[in-house]
Amino acid sequence: MSFLNTITSAFKGGGSARVPIARGFASPWAHAFEMRGASAPPFDYATSLQAGYASNPVAQRAVRIVAEGVGAAPIQTDAEDILALVTAPSAGQSLVETIAAHLLLHGNAFIQILKDASGRPVELFALRPERVTIRPGPIGWPEAFAYHLGAQTHVIPLEDEDGWPELIHLKCLNPGDDHYGAGALSAAAQAIAIHNAASRWNHALLENAARPSGALVYQPGDGQGLTADQFERLKAELASAFQGQGNAGRPMLLEGGLDWKPMGFSPSDMEFQKTKEAAAREIATAFGVPPMLLGIPGDATYANYQEANRAFYRLTVLPLASKVAATLSHWLSGFAGETVTLKPDLDQVPALAAERDQQWARVTQADFLTNDEKRSLLGLPPLTPPTEETEDE
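Quantities reported herein were computed from a predicted structural model and do not represent experimental measurements. (Residues numbered from 1 in each chain as written. Predicted model: local features only at pLDDT ≥ 70, side-chain atom pairs only at ≥ 80, totals over all residues. Heavy atoms only, no water.)

Engineer: Describe the overall build of the chain, and please don't skip the residues or the numbers.
Structural biologist: The secondary structure content of the chain amounts to 13 helices and 12 strands. Taking all 393 residues of the chain together, the buried fraction comes to 34%. At a minimum sequence separation of 6, the contacts of the chain that also span at least 24 residues come to 60%. (Helix = DSSP H or I, 4+ residues; strand = E, 2+ residues; numbered from the N terminus. Buried < 20%, exposed > 50% of the residue type's maximum accessible area, 1.4 Å probe, protein only. Contact = heavy atoms within 4.5 Å.)

Here's what the structure looks like:
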(Lines give C-alpha, C1' and ligand atoms only; values in the text may rest on other atoms or scores of the structure.)
Protein backbone atom coordinates (compact mmCIF):
# COMPACT_ATOMS: atom_id res chain seq x y z
CA MET A 1 0.00 0.00 0.00
CA SER A 2 1.39 3.41 -1.00
CA PHE A 3 1.70 6.36 1.37
CA LEU A 4 -1.21 8.21 -0.28
CA ASN A 5 -3.44 5.16 0.02
CA THR A 6 -2.51 4.90 3.68
CA ILE A 7 -3.55 8.54 4.26
CA THR A 8 -6.81 7.98 2.36
CA SER A 9 -7.64 4.92 4.43
CA ALA A 10 -6.98 6.85 7.63
CA PHE A 11 -9.55 9.55 6.72
CA LYS A 12 -12.19 7.00 5.68
CA GLY A 13 -12.48 5.69 9.22
CA GLY A 14 -13.85 2.30 10.18
CA GLY A 15 -11.68 -0.66 9.28
CA SER A 16 -10.19 -3.22 11.64
CA ALA A 17 -8.89 -2.23 15.05
CA ARG A 18 -5.50 -3.40 16.29
CA VAL A 19 -5.38 -5.82 19.18
CA PRO A 20 -3.37 -4.74 22.25
CA ILE A 21 0.17 -6.06 22.65
CA ALA A 22 2.69 -5.99 25.48
CA ARG A 23 6.27 -6.73 26.44
CA GLY A 24 7.16 -10.22 27.56
CA PHE A 25 7.39 -10.41 31.34
CA ALA A 26 10.78 -12.16 31.16
CA SER A 27 12.24 -10.73 27.97
CA PRO A 28 15.97 -11.41 27.61
CA TRP A 29 16.47 -7.89 26.30
CA ALA A 30 15.38 -6.02 29.42
CA HIS A 31 17.18 -2.70 29.28
CA ALA A 32 19.13 -1.39 32.22
CA PHE A 33 17.17 1.88 32.18
CA GLU A 34 13.91 -0.04 32.64
CA MET A 35 15.32 -2.25 35.42
CA ARG A 36 16.35 0.48 37.87
CA GLY A 37 15.55 -0.62 41.41
CA ALA A 38 14.58 -4.10 40.24
CA SER A 39 16.45 -7.37 40.10
CA ALA A 40 19.03 -7.95 37.39
CA PRO A 41 17.68 -9.02 33.99
CA PRO A 42 18.07 -12.67 33.01
CA PHE A 43 20.38 -11.67 30.14
CA ASP A 44 22.80 -8.75 30.30
CA TYR A 45 23.72 -7.67 26.79
CA ALA A 46 26.77 -5.56 27.68
CA THR A 47 28.38 -8.35 29.71
CA SER A 48 27.61 -10.99 27.09
CA LEU A 49 28.91 -8.71 24.33
CA GLN A 50 32.23 -8.37 26.16
CA ALA A 51 32.48 -12.11 26.85
CA GLY A 52 31.11 -13.25 23.51
CA TYR A 53 32.21 -10.80 20.83
CA ALA A 54 35.20 -9.02 22.36
CA SER A 55 36.78 -12.02 24.14
CA ASN A 56 35.79 -15.08 22.12
CA PRO A 57 37.50 -15.58 18.74
CA VAL A 58 34.94 -18.09 17.44
CA ALA A 59 31.93 -15.88 18.17
CA GLN A 60 33.61 -12.74 16.81
CA ARG A 61 34.67 -14.44 13.60
CA ALA A 62 31.21 -15.99 13.15
CA VAL A 63 29.52 -12.59 13.52
CA ARG A 64 32.03 -10.86 11.26
CA ILE A 65 31.81 -13.43 8.47
CA VAL A 66 28.00 -13.20 8.42
CA ALA A 67 27.82 -9.40 8.74
CA GLU A 68 30.53 -8.81 6.15
CA GLY A 69 28.84 -11.24 3.76
CA VAL A 70 25.51 -9.43 4.14
CA GLY A 71 27.17 -6.03 3.78
CA ALA A 72 29.04 -7.10 0.65
CA ALA A 73 25.99 -8.67 -1.03
CA PRO A 74 25.21 -6.65 -4.19
CA ILE A 75 21.79 -4.98 -4.10
CA GLN A 76 19.58 -4.82 -7.18
CA THR A 77 17.10 -1.95 -7.64
CA ASP A 78 15.94 0.70 -10.10
CA ALA A 79 15.82 3.49 -7.49
CA GLU A 80 19.36 4.87 -7.64
CA ASP A 81 18.75 7.54 -4.99
CA ILE A 82 17.49 4.97 -2.47
CA LEU A 83 20.38 2.65 -3.34
CA ALA A 84 22.87 5.46 -2.70
CA LEU A 85 21.20 6.11 0.66
CA VAL A 86 21.42 2.44 1.71
CA THR A 87 24.99 1.87 0.53
CA ALA A 88 26.37 5.08 2.07
CA PRO A 89 28.51 4.61 5.21
CA SER A 90 26.89 5.03 8.62
CA ALA A 91 29.30 6.79 10.99
CA GLY A 92 32.26 5.39 9.08
CA GLN A 93 30.84 1.85 8.91
CA SER A 94 28.85 -0.03 6.31
CA LEU A 95 25.17 0.49 7.12
CA VAL A 96 23.99 -2.96 6.01
CA GLU A 97 26.91 -4.67 7.73
CA THR A 98 26.15 -2.82 10.98
CA ILE A 99 22.47 -3.74 10.77
CA ALA A 100 23.35 -7.41 10.23
CA ALA A 101 25.72 -7.43 13.22
CA HIS A 102 23.10 -5.83 15.48
CA LEU A 103 20.48 -8.38 14.41
CA LEU A 104 22.85 -11.29 15.02
CA LEU A 105 24.01 -10.13 18.44
CA HIS A 106 21.08 -8.21 19.89
CA GLY A 107 18.19 -9.32 17.72
CA ASN A 108 17.16 -5.70 17.06
CA ALA A 109 18.37 -2.98 14.72
CA PHE A 110 17.23 0.66 14.90
CA ILE A 111 17.94 2.97 11.94
CA GLN A 112 17.32 6.68 12.36
CA ILE A 113 16.25 8.55 9.21
CA LEU A 114 17.97 11.94 9.05
CA LYS A 115 16.24 14.45 6.75
CA ASP A 116 16.97 17.80 5.22
CA ALA A 117 14.81 20.93 5.49
CA SER A 118 12.45 19.68 2.78
CA GLY A 119 11.84 16.38 4.57
CA ARG A 120 13.88 14.24 2.16
CA PRO A 121 16.07 11.56 3.77
CA VAL A 122 19.78 12.33 3.46
CA GLU A 123 21.33 9.74 5.79
CA LEU A 124 20.49 6.49 7.55
CA PHE A 125 22.19 6.07 10.93
CA ALA A 126 22.26 2.75 12.81
CA LEU A 127 21.72 3.30 16.54
CA ARG A 128 23.22 0.99 19.13
CA PRO A 129 20.28 -1.29 20.02
CA GLU A 130 21.06 -1.59 23.74
CA ARG A 131 20.53 2.17 24.06
CA VAL A 132 17.07 2.18 22.48
CA THR A 133 13.80 1.34 24.23
CA ILE A 134 10.30 1.29 22.79
CA ARG A 135 7.67 3.56 24.31
CA PRO A 136 4.30 1.89 23.77
CA GLY A 137 1.00 3.63 23.29
CA PRO A 138 -2.28 3.02 25.17
CA ILE A 139 -2.75 -0.48 23.70
CA GLY A 140 0.91 -1.43 23.60
CA TRP A 141 1.83 -0.57 20.00
CA PRO A 142 5.00 1.55 19.67
CA GLU A 143 4.45 5.28 19.42
CA ALA A 144 8.01 6.51 20.10
CA PHE A 145 11.56 5.36 20.78
CA ALA A 146 13.79 6.53 23.63
CA TYR A 147 17.55 6.71 23.02
CA HIS A 148 19.52 6.61 26.29
CA LEU A 149 23.12 7.78 26.64
CA GLY A 150 24.30 8.20 30.19
CA ALA A 151 21.91 10.54 31.97
CA GLN A 152 20.52 11.89 28.69
CA THR A 153 17.36 10.56 27.03
CA HIS A 154 16.43 11.58 23.49
CA VAL A 155 12.88 10.72 22.39
CA ILE A 156 12.44 9.87 18.69
CA PRO A 157 8.79 9.82 17.54
CA LEU A 158 7.56 6.98 15.37
CA GLU A 159 6.54 9.49 12.68
CA ASP A 160 7.07 13.20 12.10
CA GLU A 161 4.27 15.77 11.90
CA ASP A 162 3.71 14.92 8.21
CA GLY A 163 3.34 11.18 8.87
CA TRP A 164 6.76 10.13 7.54
CA PRO A 165 8.76 7.54 9.52
CA GLU A 166 11.52 8.82 11.78
CA LEU A 167 13.06 5.46 12.70
CA ILE A 168 13.10 1.95 11.21
CA HIS A 169 13.01 -1.02 13.57
CA LEU A 170 14.17 -4.43 12.35
CA LYS A 171 14.02 -7.43 14.65
CA CYS A 172 14.56 -11.17 14.65
CA LEU A 173 11.77 -13.49 15.66
CA ASN A 174 11.10 -13.60 19.39
CA PRO A 175 7.92 -15.60 20.16
CA GLY A 176 7.90 -14.40 23.77
CA ASP A 177 8.02 -10.64 23.19
CA ASP A 178 5.85 -8.35 21.05
CA HIS A 179 8.30 -5.45 21.05
CA TYR A 180 11.86 -6.78 20.91
CA GLY A 181 13.57 -9.49 18.88
CA ALA A 182 16.00 -12.08 20.19
CA GLY A 183 19.53 -12.45 18.84
CA ALA A 184 21.83 -15.43 18.63
CA LEU A 185 24.15 -14.16 21.37
CA SER A 186 21.80 -15.26 24.15
CA ALA A 187 21.43 -18.73 22.60
CA ALA A 188 25.22 -19.09 22.36
CA ALA A 189 25.95 -17.70 25.85
CA GLN A 190 26.46 -21.08 27.52
CA ALA A 191 28.70 -22.41 24.76
CA ILE A 192 30.72 -19.17 24.84
CA ALA A 193 31.17 -19.49 28.61
CA ILE A 194 32.44 -23.08 28.20
CA HIS A 195 34.81 -22.09 25.40
CA ASN A 196 36.19 -19.14 27.37
CA ALA A 197 36.68 -21.34 30.44
CA ALA A 198 38.55 -23.89 28.32
CA SER A 199 40.81 -21.14 26.95
CA ARG A 200 41.60 -19.97 30.48
CA TRP A 201 42.34 -23.57 31.46
CA ASN A 202 44.79 -23.97 28.57
CA HIS A 203 46.41 -20.67 29.48
CA ALA A 204 46.85 -21.87 33.06
CA LEU A 205 48.49 -25.06 31.77
CA LEU A 206 50.96 -22.98 29.75
CA GLU A 207 51.72 -20.96 32.86
CA ASN A 208 52.71 -24.24 34.51
CA ALA A 209 55.01 -25.60 31.79
CA ALA A 210 52.03 -26.94 29.81
CA ARG A 211 51.36 -29.85 32.12
CA PRO A 212 49.36 -30.41 35.30
CA SER A 213 50.92 -29.65 38.63
CA GLY A 214 52.90 -32.28 40.46
CA ALA A 215 53.28 -33.03 44.17
CA LEU A 216 56.31 -32.13 46.29
CA VAL A 217 56.57 -34.91 48.87
CA TYR A 218 58.51 -34.41 52.11
CA GLN A 219 59.88 -37.61 53.66
CA PRO A 220 62.07 -36.76 56.67
CA GLY A 221 64.03 -39.45 58.42
CA ASP A 222 62.74 -38.53 61.87
CA GLY A 223 59.07 -38.65 60.81
CA GLN A 224 58.37 -35.00 61.59
CA GLY A 225 56.59 -32.72 59.10
CA LEU A 226 57.37 -29.20 57.93
CA THR A 227 56.67 -26.27 60.18
CA ALA A 228 54.31 -23.53 59.01
CA ASP A 229 57.17 -21.17 58.19
CA GLN A 230 59.03 -23.85 56.24
CA PHE A 231 55.87 -24.72 54.28
CA GLU A 232 55.16 -21.10 53.29
CA ARG A 233 58.81 -20.51 52.31
CA LEU A 234 58.84 -23.65 50.16
CA LYS A 235 55.60 -22.70 48.44
CA ALA A 236 56.89 -19.18 47.71
CA GLU A 237 60.15 -20.54 46.27
CA LEU A 238 58.27 -22.93 43.99
CA ALA A 239 56.00 -20.14 42.72
CA SER A 240 58.86 -17.72 42.02
CA ALA A 241 61.47 -20.09 40.65
CA PHE A 242 59.58 -22.84 38.84
CA GLN A 243 56.20 -21.45 37.67
CA GLY A 244 55.57 -19.49 34.47
CA GLN A 245 56.74 -19.65 30.88
CA GLY A 246 60.20 -18.26 31.64
CA ASN A 247 60.91 -21.09 34.08
CA ALA A 248 59.73 -23.91 31.82
CA GLY A 249 62.22 -26.81 31.88
CA ARG A 250 64.31 -25.33 34.67
CA PRO A 251 65.97 -28.05 36.81
CA MET A 252 64.81 -28.35 40.40
CA LEU A 253 67.32 -28.59 43.25
CA LEU A 254 65.74 -30.31 46.24
CA GLU A 255 66.95 -30.44 49.80
CA GLY A 256 67.07 -33.59 51.90
CA GLY A 257 63.76 -35.37 52.34
CA LEU A 258 62.04 -33.65 49.38
CA ASP A 259 60.87 -35.59 46.34
CA TRP A 260 58.96 -34.32 43.28
CA LYS A 261 56.14 -36.58 42.02
CA PRO A 262 54.84 -35.37 38.63
CA MET A 263 51.17 -35.95 37.78
CA GLY A 264 50.20 -36.98 34.27
CA PHE A 265 47.07 -36.07 32.33
CA SER A 266 43.92 -37.66 33.67
CA PRO A 267 41.20 -38.92 31.27
CA SER A 268 39.17 -35.77 32.03
CA ASP A 269 42.15 -33.61 31.01
CA MET A 270 42.45 -35.49 27.72
CA GLU A 271 38.72 -34.90 26.99
CA PHE A 272 38.93 -31.18 27.78
CA GLN A 273 40.07 -30.22 24.28
CA LYS A 274 37.15 -32.13 22.77
CA THR A 275 34.80 -30.20 25.04
CA LYS A 276 36.26 -26.93 23.77
CA GLU A 277 35.83 -28.01 20.15
CA ALA A 278 32.22 -29.06 20.82
CA ALA A 279 31.53 -25.63 22.36
CA ALA A 280 33.07 -23.95 19.31
CA ARG A 281 30.76 -25.93 17.02
CA GLU A 282 27.74 -24.87 19.09
CA ILE A 283 28.80 -21.21 18.82
CA ALA A 284 29.17 -21.48 15.05
CA THR A 285 25.79 -23.22 14.77
CA ALA A 286 24.05 -20.50 16.81
CA PHE A 287 25.25 -17.82 14.36
CA GLY A 288 24.48 -19.93 11.29
CA VAL A 289 28.07 -20.54 10.18
CA PRO A 290 29.28 -24.01 9.14
CA PRO A 291 32.12 -24.97 11.54
CA MET A 292 34.28 -25.92 8.56
CA LEU A 293 34.44 -22.25 7.48
CA LEU A 294 35.88 -21.31 10.89
CA GLY A 295 38.55 -24.03 10.87
CA ILE A 296 36.88 -26.04 13.66
CA PRO A 297 37.88 -29.73 13.45
CA GLY A 298 35.51 -32.64 13.79
CA ASP A 299 32.77 -31.42 11.43
CA ALA A 300 31.96 -33.63 8.43
CA THR A 301 28.56 -32.23 7.42
CA TYR A 302 29.77 -31.00 4.03
CA ALA A 303 32.02 -32.82 1.59
CA ASN A 304 34.27 -29.83 0.92
CA TYR A 305 34.78 -26.15 1.65
CA GLN A 306 32.93 -25.05 -1.51
CA GLU A 307 29.74 -26.87 -0.50
CA ALA A 308 29.93 -25.45 3.03
CA ASN A 309 30.39 -21.92 1.65
CA ARG A 310 27.46 -22.30 -0.73
CA ALA A 311 25.22 -23.62 2.06
CA PHE A 312 26.37 -20.74 4.28
CA TYR A 313 25.24 -18.18 1.71
CA ARG A 314 21.97 -19.95 0.93
CA LEU A 315 20.94 -20.60 4.56
CA THR A 316 22.41 -17.61 6.43
CA VAL A 317 23.75 -14.70 4.38
CA LEU A 318 21.11 -14.35 1.66
CA PRO A 319 18.04 -14.75 3.94
CA LEU A 320 19.40 -12.08 6.28
CA ALA A 321 20.35 -9.80 3.36
CA SER A 322 16.87 -10.23 1.85
CA LYS A 323 15.25 -9.43 5.22
CA VAL A 324 17.25 -6.21 5.60
CA ALA A 325 16.72 -5.14 1.99
CA ALA A 326 12.97 -5.83 2.06
CA THR A 327 12.46 -3.90 5.31
CA LEU A 328 14.44 -0.89 4.12
CA SER A 329 12.63 -0.82 0.78
CA HIS A 330 9.25 -0.99 2.55
CA TRP A 331 9.92 2.02 4.80
CA LEU A 332 11.76 4.08 2.17
CA SER A 333 9.24 3.59 -0.66
CA GLY A 334 7.12 6.51 0.58
CA PHE A 335 10.00 8.95 0.17
CA ALA A 336 10.53 7.82 -3.43
CA GLY A 337 6.87 8.32 -4.34
CA GLU A 338 6.59 4.78 -5.71
CA THR A 339 7.14 1.20 -4.66
CA VAL A 340 10.86 0.53 -4.34
CA THR A 341 12.23 -3.00 -4.46
CA LEU A 342 15.63 -3.75 -2.94
CA LYS A 343 16.88 -7.32 -3.19
CA PRO A 344 20.23 -9.12 -3.37
CA ASP A 345 21.52 -9.65 -6.90
CA LEU A 346 22.16 -13.41 -6.90
CA ASP A 347 23.98 -13.28 -10.24
CA GLN A 348 26.72 -11.18 -8.65
CA VAL A 349 27.37 -13.47 -5.65
CA PRO A 350 30.65 -15.37 -6.24
CA ALA A 351 29.69 -18.22 -3.89
CA LEU A 352 26.77 -19.13 -6.17
CA ALA A 353 28.81 -19.21 -9.39
CA ALA A 354 28.64 -23.01 -9.63
CA GLU A 355 24.84 -22.97 -9.32
CA ARG A 356 24.59 -20.32 -12.04
CA ASP A 357 26.79 -22.39 -14.36
CA GLN A 358 24.56 -25.43 -13.87
CA GLN A 359 21.41 -23.38 -14.46
CA TRP A 360 22.79 -21.82 -17.64
CA ALA A 361 23.83 -25.27 -18.90
CA ARG A 362 20.35 -26.72 -18.29
CA VAL A 363 18.58 -23.81 -19.96
CA THR A 364 20.96 -23.84 -22.93
CA GLN A 365 20.31 -27.54 -23.55
CA ALA A 366 16.51 -27.07 -23.50
CA ASP A 367 15.90 -27.20 -27.27
CA PHE A 368 12.11 -26.94 -26.88
CA LEU A 369 12.41 -23.34 -25.61
CA THR A 370 12.85 -20.25 -27.74
CA ASN A 371 15.72 -17.89 -27.15
CA ASP A 372 13.44 -15.34 -25.50
CA GLU A 373 11.98 -18.02 -23.19
CA LYS A 374 15.49 -19.06 -22.20
CA ARG A 375 16.44 -15.46 -21.48
CA SER A 376 13.29 -15.05 -19.40
CA LEU A 377 14.22 -18.06 -17.27
CA LEU A 378 17.64 -16.54 -16.69
CA GLY A 379 16.19 -13.16 -15.71
CA LEU A 380 17.28 -11.40 -18.92
CA PRO A 381 15.17 -9.15 -21.17
CA PRO A 382 13.99 -10.60 -24.50
CA LEU A 383 15.97 -9.97 -27.66
CA THR A 384 12.87 -9.20 -29.74
CA PRO A 385 10.51 -6.55 -28.35
CA PRO A 386 6.91 -7.74 -27.95
CA THR A 387 4.53 -6.83 -30.77
CA GLU A 388 0.82 -6.09 -30.51
CA GLU A 389 -0.02 -9.63 -31.66
CA THR A 390 2.12 -11.25 -28.95
CA GLU A 391 0.68 -8.90 -26.34
CA ASP A 392 -2.88 -9.90 -27.36
CA GLU A 393 -1.98 -13.57 -27.06
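Still to come is the rest of the account.
Engineer: Which residues make up the pairing of strand S5 (residues 121-127), and what values go with them?
Structural biologist: Sheet analysis places strand S4 (residues 108-115) next to S5, joined by six bridges and oriented antiparallel. Its bridge partner lying in S5, Lys115 is registered against Pro121. Counted between consecutive antiparallel strands, the loop separating S4 from S5 contains five residues, among which Gly119 sits at a positive phi close to 90°. (Pairing = 2+ DSSP bridges.)

Engineer: Could you give me a rundown of the layout of surface pockets, with the residues and numbers involved?
Structural biologist: Of the voids in this model, the second largest pocket is the one considered here, and its volume is about 520 Å³. Around the second largest pocket sit 23 residues that line it, and Tyr53, Gln93, Thr98, Ala101 and His102 are the ones nearest its centre. Contributions of two or more residues to the lining of the second largest pocket are made by helix H2 (45-54), helix H3 (57-72), strand S3 (93-94), helix H5 (95-105) and S5. Tallying contributions element by element places H5 first for the lining of the second largest pocket, with five residues. (1 Å grid on protein atoms, 1.4 Å probe; cavity = no way out; pocket = protein on both sides within 12 Å on 5 of 7 lines; lining within 4 Å. Points joined across faces, edges and corners; volume = space filled by probe spheres on them.)

Engineer: If you had to explain the packing of H2 against H3 to someone new, which residues and values would you point to?
Structural biologist: Here H2 crosses H3 at 85°, and the two axes come no closer than 6 Å. When the interaxial angle is binned, H2 and H3 end up roughly perpendicular. Across the interface between the two elements, Gly52, Tyr53 and Ala54 of H2 pack against Ala59, Gln60, Val63 and Arg64 of H3. Tallied by class, residues from the contact of H2 with H3 come to four nonpolar, two polar and one charged. (Axes fitted to C-alpha atoms, helices over the stretch in contact; angles between N-to-C directions. Parallel < 35°, antiparallel > 145°, perpendicular 65-115°, else oblique. Nonpolar A, V, L, I, M, F, W, Y, C, P; charged D, E, K, R; others polar.)

Engineer: A description of the sheet that holds S5 should follow, citing residues and the corresponding values.
Structural biologist: Judged by pairing direction, the sheet is antiparallel, and its three strands sit side by side in the order S5-S4-S9 without closing on themselves. With one partner strand each, in any of the chains shown, S5 and strand S9 (167-171) form the two edges of the open sheet. Neighbour to neighbour, the strand axes of the sheet diverge by 20° on average, direction disregarded. Each of S4, S5 and S9 touches H5; the most contacted strand, S4, lies at about 145° to it. Contacting S4, S5 and S9, helix H10 (residues 305-336) runs over the sheet at an angle of about 160° to S9.

Engineer: Provide a residue-level description of the nonpolar core, including the pertinent values.
Structural biologist: The biggest cluster of nonpolar side chains holds 59 residues, and the ones touching the most others in it are Ile99, Phe287 and Leu332. Among the elements that make up this core, the one with the highest residue count is H10 (12 residues). Discounting residues that sit within four places of it in the chain, Phe287 has contacts with Ala59, Ala62, Val63, Val66, Leu104, Leu105, Ala184, Leu185, Ala188 and Thr316. Core analysis: the second largest hydrophobic core is formed by nine residues, Val132, Ile134, Leu167 and Tyr180 among them. (Core = buried A, V, L, I, M, F, W, Y, C linked by side-chain atoms within 4.5 Å.)

Engineer: Give me the lowdown on the packing of aromatic side chains, citing residues and values where you can.
Structural biologist: Taken as a whole and assessed by the stated rule, the structure comprises three aromatic pairs. Between Trp164 and Phe335 the ring centres are 5.0 Å apart and the planes differ by 25°, which places this aromatic pair in the stacked class. On the criterion of sequence distance, the pair formed by Trp164 in the loop between strand S8 (152-157) and S9 and Phe335 in helix H10 is long-range, its members being 171 residues apart. Phe335 sits in the buried class, given a relative accessible area of 6%. Plain terms: the ring middles of Phe312 and Tyr313 are 5.7 Å apart, the flat faces sit at 80° to each other, and that makes the pair edge-to-face. By relative accessible area, Phe312 is classed as buried at 3%. (Phe/Tyr/Trp six-rings, centres within 6.5 Å; stacked < 30°, edge-to-face > 60°.)

Engineer: Before we move on, could you go through H5 and cite the residues and values that matter?
Structural biologist: Buried residues dominate H5, accounting for 10 of its 11 residues. For H5, the complete set of buried residues consists of Leu95, Val96, Thr98, Ile99, Ala100, Ala101, His102, Leu103, Leu104 and Leu105. After H5 finishes, the residue Gly107 shows a positive phi value of roughly 90°.

Engineer: Kindly report on the side chain of Asp177, identifying the contributing residues and their values.
Structural biologist: Mapped onto the secondary structure, Asp177 falls in the loop between S9 and helix H6 (184-187). A relative accessible area of 4% places Asp177 in the buried class. Polar side-chain contacts of Asp177 include one of 2.8 Å to the backbone nitrogen of His179. (Polar contact = N/O pair within 3.5 Å; in protein donor to acceptor, adjacent residues only side chain to side chain.)

Engineer: I'd love a proper account of the environment of His195, names of residues and values included.
Structural biologist: Mapped onto the secondary structure, His195 falls in helix H7 (residues 189-207). Considered as a pair, His195 and Gly52 are 143 residues apart in the sequence and their alpha carbons are 9.8 Å apart. Those residues in contact with His195, other than ones at most four positions away along the chain, are Asn56, Val58, Lys276, Ala279, Ala280 and Ile283. A polar atom in the side chain of His195 sits 3.2 Å from the side chain of Asn56.

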